[in-house]
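Listed below are the residues making up each chain.
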Amino acid sequence: MAESKLDLLQGTLDLMVLQTLATMGSLHGYGIARRIEQVSGDKVLLNQGTIYASLVRLQQRGWISAEWGTSSNNRKAKFYCITKRGRKQLSEDAAHWQRLSSVMGRVLAMPEEGGHQ
Amino acid sequence: MIDWLRQSFHRTRSVFRRAQLDHELHAELAAHLELAIQENLERGMPADEARRQALIRFGGMEQVKEQHREARGLPILDVLFQDLRYAVRGLVKSPGFTTAAVLTLALGIAMNATMFSMVSAFLLRRPPGREPNRVAVVTSINPASGFLADTNPVSAPNYLAWRGANDDFADMAAADESRTVSLTSQGQPEALASAAVSPNYFAVLGVSAQLGRTFSDGEDQPGRDHVVILSHELWERRFGCDASLIGRTIRLSRENYTVLGVMPASFRLLGFTPQLWTPLVLTAADQTAAARRDRSLLLFARLKSRVTLEHARAELVTLAGRAGENFPETEKGWGAAVRTLPDFLVYNFSIRNGLAVMMTTVGFVLMIACANVAGLLLARSAGRRKELAVRIALGAGRLRIVRQLLTEGLVIASLGGSMGLLLAYWGIHFVGANLTFNAAISAVPLSLDWNVLLFTLGVSLACAVLCGLAPALKGSETDVNTSLKDEGRAASTGRSRSRVRTVLVTGEIALALFLLIGTGLLFRNIFLIEHQNLGFRADHLFTASVSLDNTKYKDPLQQTLFARDLISRLQQIPGAEAAAVASDLPATGPGTVTLEIKGRPELPANQRLSALDVLVSLDYFRTAGIPLLRGRTFTETDNATAPRVVVVNQEFVHRHLQDQEPLGKQIRLDVSGSTPQWNEIVGVVGNVKTYSAGTSDDPEVYEPFLERPAASFSLMVRATSDPNSLSSALRDTVAQLDAELPLARVMSMPALIEQQNGGDPFFVRVLGSFAILALILAAIGIYGLVAYSVGQRTHEIGIRMALGAKSPDVLRMILWDGMKMTAIGAAVGLVLALPLPKLFDAMFYGLHLREPRLYFIVPVAILVVATLATYIPARRATRVDPISALRQD
C-alpha cells in the first residue's frame, strides 16, 4: 500500500503547507495535515507528524507566523498563518514548480524513437 | 540571503532554548492527537480504536520530535556538546592526568601572556593624537656609524630650511626633548626633564590640553615665551591637581612662567618623559653656521593628504644632500631619515629585539609544554585503543573520533588558558613592579588588555590543536581488527605510536638545549658585565648632576667660576678625600666627537676617526682612580688662555695612533658650537669602559673643563668612608652656593651603575628561569615517555628475564633507549644553537658573545638530567617479577 502513494520530494511539503495556509487562513498543525490529505485525495505518503519539522523551518525563515489559540474543541493549540514574505515566496515557488512540471510533462511525453540498441 | 541569515540565527538560538522548545512541541503534538482522536470519535470509532488510528496516522512520535529538533537547531553544535560532555567526563575520571596537563599548559600560557603584555604595551599601543600614521618624524643620519645613528636629532638651521622648502608636509614642528629645568615653586628645587617645542607641536600631533590650552602662534617670540604646559604627572605630584593653577605663574630656572595648560595623562610618547613643555625659541644665533653643529631637534611633520611617506623621504634626502653641498664643513655625509611616528617611537626605543628574544623563549617553552601534554594524551589514547576500536566497529566515523579527541585537547587547553590568564594577571604585576629601572620604561603601564586577552585565546587554541592533533590522528588510525584481538600479549607496542612520542621527546630536548645555550650566552654576558673591571674605582664615590641655567650662568666664565668654587667647597666637606666635576661620569656613555690628527690626510666624512669626548676638572683622574700611564694630567695653568691640551686613553693610542708615541701629537676635535682648534696630547690614562652595561673600550679624549666649561655636568666626591654619608653635606654645599639650583641623580656610584645596567640583569634572570623550566619540562617529558614504555613492555621484559636476561642488562637496554633520544635531540639543538652568538651580535648593539664552553657544558648537563629521568623508570623495570609479568593480563 505504501508503494502506491507518492513519496514527497524534498521541499514539496513546505510548498504544500504554504499553499494550504494561503488559501485557508489560520490553521493548526492537525488542520494543515488533514487538509493536505484531503486535497491530495490521500495520494501523498504523509505521516502527519512530518509536518512539524516543515512548520518550524518555515517559521524560522519568517514565511509563516505562529500563535497559541483555542481550537474548535476548546483546546489550546498552535495556529499558523502565512506572512507577507511567505506569500511572495509561495508565488515564486509555485511558478517554479509549474514551469518544472510542464517541462517534465513534455519531456516524458516525448515519442519513443524506434529500435533502441 | 536574509532568509538564510534569519534561519541561522533562529537555529543557533534554538540550541540554547532546547527545554522550552521541547516543552512547546510536546504541547503542540498532544493537541494534534486530541484533535485527531476527537475527529475519529465523531466518525463513530470506539475510544481505543480512535486513539490507535490517530497514532498510526501521526507516525513515530520520537522520530517526529527528532526531525523537529534537527530542523530547528544545529545538529553540529549538539554533537559538539556531546563531545564536550564526554571529554569532561573522561577528564574528571582521571584527575591526576588532568591536573598535570592543565598545570603544564597553564604555566606555559601564563608566561606567554605575561611577556606579551610587554609587547602590547611597548609595540602595539597607538601613540596619542589624530592619525599618528600620518605624522612623519624627521631625523638626521650620523655618518659616523654608531648605536641608532639614523635617529640623530637635526640642527636648527636645517629645521628652518627644511620647513620652508618642503611641499609634502601640511605643517612641521620641532622639539628638543632633552632639556632640563629646575622647578623651585614649592619645596626643594627639583631638576625636571623638559622639552622645548615649537608652538605648533601639539597641533601637528593632533592633541589638545586636558585643562587650559596648548601654545599658540607667536609664543616662541622672546618676551612672550615665558609660558609652560605641565604633564599630568607633574601637575598631580607637585601641585595636587589644583585646577586654579592655570593662568598663575610658577618659577622655573629662576624665572616666572605662566601655566597655560595641563596635558592629559594619556599624552605620552614612548621613550620620552618630559614633565613640562616650554616654547622653543630660535634666535639669530640659531641660524649661524656654527649652530649647524648643534643637533638637538626632532622634527614632527604632518603629511599632506595623499602624500606618501616615500615621497616625503625622497624629498628630504634631496634637501639633506643640498645642505651637504652648501655646508660641506659641517653637513658632509649627513643624511635625513623619515619614519612614521609609531615606527620612529618603537625603533628609537629599541626594545623590539629584546622582546623578540623573550617571545621566542616563552614560545619555545610553550611548545615543550604542548609536546608534554600531547605525550600524555598519546599515552592515554593508547590505553583507550580498545574503546576506540569498539566505537569504530559500532559505526563511529574516523572524523568523529578525530573530533572527539581534539575536543579533549580543547577542554584541557581552555582550562589551561583560563588558569594561565589568572597566573598572568599576577605575572604582569610582578614584571610591572620590576620595570622601574628607567623612567621611560616605568612610564609605560603594563596591563592585561584586550590584546593580551586575544593573544591568550589564540595561544590556547593553538595549544589545543598542538596537543590534540597527534593523538587524534593516531587514534583515528586505530585498526579495529588488531586492536580488538590484541590482548596485551604482543611483545612490544606498535612501532608508529612510539615513534610519534620519540619525535616529541627528541624535539623537546632539542628546544630545551637551544634555550639553555641562548640564555647561557646572555647570562655569561651579564656576568662579565657585572664582574668586569670598569677601569676606575667606583666604590666610595658619591655623585650628583647639575644643570646651570641660562639666567644666572649664561657666560662660560660664570660657569667656570661656579665649578671652581664648587670643587673647592666639596673638597672641604669632612670625609671627602677628593672632588671633581666632569661633563660625564666614568662609564656613563659620554658623547662622541669626530677628529683629525695633524699630518694625516683628511678622510671622507663617513670614515672620520671618532672618540668619546669628556670635559674634566683637575682632580678627575685622581678622584675616579683612573691611572695615569704617560705624561701628565691637567694643571691649574691649562685654562682658557693657555695653549690647548688634551689627555687620551690607551685605546686611543692603540687604535688611532697605531701605538706610536702619543705625547706631543696634535689633534683637532669637531666640537659643536665652536671653531675647531689643534690640541696637544700631554698625557695617556688607562681605559675606562664606555658604558658600565657593556664591555667595550673605546678611544677617549679628555679636555680640561676650565678651558671649555659645560653648562650641564656631574660632580663626584671620593669619600673616606660610606659614600652615602656625604649626601646631605653635598646638598648643603650646593645650596650655599645657589639655593635655587637643583641636584639630580644624587647617589653613590655603585647605585648609579646598578641603575644604568638596570633591566638587563632582571630580564636575563627571567629568561634563565624560563630556560630552566624548559629543561625541567623536557625532563618530565622524557621521564613520562620512558616510564610509559616500561609499563607497556613489562610483558616483554618479563620474557627477557625468564629467558635469562639479568637486571643490569635490562637496565642498560632501557637507559640506552633514553640516551638515544636525548643524544639525537641534543645534536639537533646544538646545530640550531650554533648561529646564536652571531644572531645576538646582530640584534643587540655592542654585544660580542663568545663562549664555546657552553656548547659542551649544556649538552652534558642535559644528558645528565635526561639520564636521571630515564633511570628512575628503568630501575623499576629491573624489579619486574617474570612470573607476575607473564601472568599479567
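Only a predicted model underlies this, so the values are computations on that prediction, with no experimental measurement involved. (Residues numbered from 1 in each chain as written. Chains lettered and ligands numbered in written order. Predicted model: local features only at pLDDT ≥ 70, side-chain atom pairs only at ≥ 80, totals over all residues.)

Caption draft 1: Representation of the overall build of chain A in the model. Across its full length, chain A holds four helices and three strands. The secondary structure elements of chain A, listed N-terminal to C-terminal, are α-β-α-α-β-β-α. Per-residue burial for chain A yields a buried fraction of 31% across its 117 residues. For chain A, the proportion of contacts with a sequence separation of at least 24, taken over those separated by at least 6, is 54%. (Helix = DSSP H or I, 4+ residues; strand = E, 2+ residues; numbered from the N terminus. Buried ≥ 20, exposed ≤ 12 C-beta atoms within 10 Å, placed from the backbone. Contact = placed C-beta atoms within 7 Å.)

Caption draft 2: Representation of the overall build of chain B within the structure. Within chain B one finds 30 helices and 22 strands. Relative to its length of 889 residues, chain B is extended, with a C-alpha radius of gyration of 37 Å against a globular reference of 29 Å. Of all 889 residues assigned to chain B, the portion counted as buried reaches 41%. Taking all contacts inside chain B whose residues are at least 6 apart in sequence as the whole, residues at least 24 apart take part in 82%. (Rg over C-alpha atoms; globule rule 2.2 N^0.38 Å.)

Caption draft 3: Seen up close, the sheet that holds strand β3 (residues 76-82) of chain A. Residues and elements named next belong to chain A. Strand order across the open sheet formed by three strands is β1-β3-β2, with antiparallel pairing between neighbours. Each edge of the open sheet carries a strand with a single partner, namely β1 (27-28) and β2 (64-70). As paired elements, β1 and β3 share two bridges and run antiparallel to each other. Bridged to His28 within β3 is Phe79. (Pairing = 2+ DSSP bridges.)

Caption draft 4: Molecular detail of the nonpolar core. Core analysis: the biggest nonpolar cluster contains 227 residues, and Leu299, Phe300, Ala512, Leu513, Ala582 and Ala774 of chain B have the highest contact counts within it. Among the elements that take part in this core, helix α25 (residues 759-792) of chain B stands out by supplying 18 residues, more than any other. Residues contacting Ala774 of chain B, with those up to four places away along its chain left out, are Phe364, Val365, Ile368, Leu511, Ala512 and Leu515 of chain B. Membership of the second largest hydrophobic core comes to 28 residues, among which are Tyr30, Ile36 and Ala53 of chain A together with Val64 of chain B. (Core = buried A, V, L, I, M, F, W, Y, C linked by C-beta atoms within 7 Å.)

Caption draft 5: Inspection of the packing of helix α6 (residues 95-124) of chain B against helix α15 (residues 398-434) of chain B at higher detail. Residue and element names in this part refer to chain B. At a minimum axis separation of 6 Å, α6 and α15 run at an interaxial angle of 45 degrees. Judged by the inter-axis angle, α6 sits oblique to α15. In terms of crossing hand, the pair formed by α6 and α15 is right-handed. Looking at the contact of α6 with α15 residue by residue, the classes come out as 17 nonpolar, six polar and no charged. (Axes fitted to C-alpha atoms, helices over the stretch in contact; angles between N-to-C directions. Parallel < 35°, antiparallel > 145°, perpendicular 65-115°, else oblique. Left-handed = near helix turned anticlockwise from the far one by under 90°. Nonpolar A, V, L, I, M, F, W, Y, C, P; charged D, E, K, R; others polar.)

Caption draft 6: Main features of the pairing of strand β14 (residues 592-597) of chain B. Residue and element names in this part refer to chain B. Note: β14 against strand β15 (residues 609-616), four bridges, orientation antiparallel. What sits directly across from Val593, in β15, is Ala611. The sheet contact formed by β14 and strand β18 (residues 666-669) spans three bridges and is antiparallel. Counted as the bridge partner of Ile597 is Ile667 from β18.

Caption draft 7: How the structure looks around the interface of chain A and chain B. With 20 residues of chain A at the interface, the matching set in chain B holds 20 residues. At the level of elements, α2 (29-39), α3 (51-61) and β3 of chain A are the ones that each hand at least two residues to the side of chain A that touches chain B. A per-element tally of the side of chain A that touches chain B places α3 of chain A first, with six residues. Grouping the amino acids of the side of chain A that touches chain B by side-chain chemistry returns five nonpolar, ten polar and five charged.

Caption draft 8: Region of interest: the domain arrangement of chain B. Residue and element names in this part refer to chain B. Annotation of chain B at the domain level lists domain 1 (2-73), domain 2 (149-349), domain 3 (352-531 + 759-887) and domain 4 (549-740). Computed over C-alpha atoms, the centres of domain 2 and domain 4 are 30 Å apart. Here the side of domain 2 that touches domain 4 is composed, by residue class, of two nonpolar, five polar and five charged. (Domains from an automatic or database assignment.)

Caption draft 9: Highlighting unusual backbone geometry. All names here are of chain B. A positive phi is found at Arg254, a non-glycine position, where the angle reads about 70 degrees. Here Arg254 lies in the loop between β7 (249-252) and β8 (255-262). Residue Arg254 is classed as partly exposed on the basis of its C-beta count, with 17 C-beta atoms lying within 10 Å. Although it is not a glycine, Arg745 adopts a positive phi angle of roughly 45 degrees. In this structure, Arg745 sits in strand β22 (residues 743-748).

Caption draft 10: Just the pairing of β8 of chain B, in detail. All names here are of chain B. Inspection of the sheet shows strand β5 (residues 211-212) paired to β8 by two bridges, in the antiparallel sense. Within β8, the position partnered with Leu211 by the bridge is Val262. Alignment of strand β6 (residues 227-230) against β8, held across four bridges, turns out to be parallel. Its bridge partner lying in β8, Leu230 is registered against Val262. Of the strand pairs in this sheet, β7 and β8 are connected by four bridges, and their pairing is antiparallel. Pairing of Leu252 across the sheet is with Glu255, part of β8. Hairpin connection from β7 to β8: two residues lie between these consecutive antiparallel strands, with Ser253 at a positive phi of about 45 degrees.

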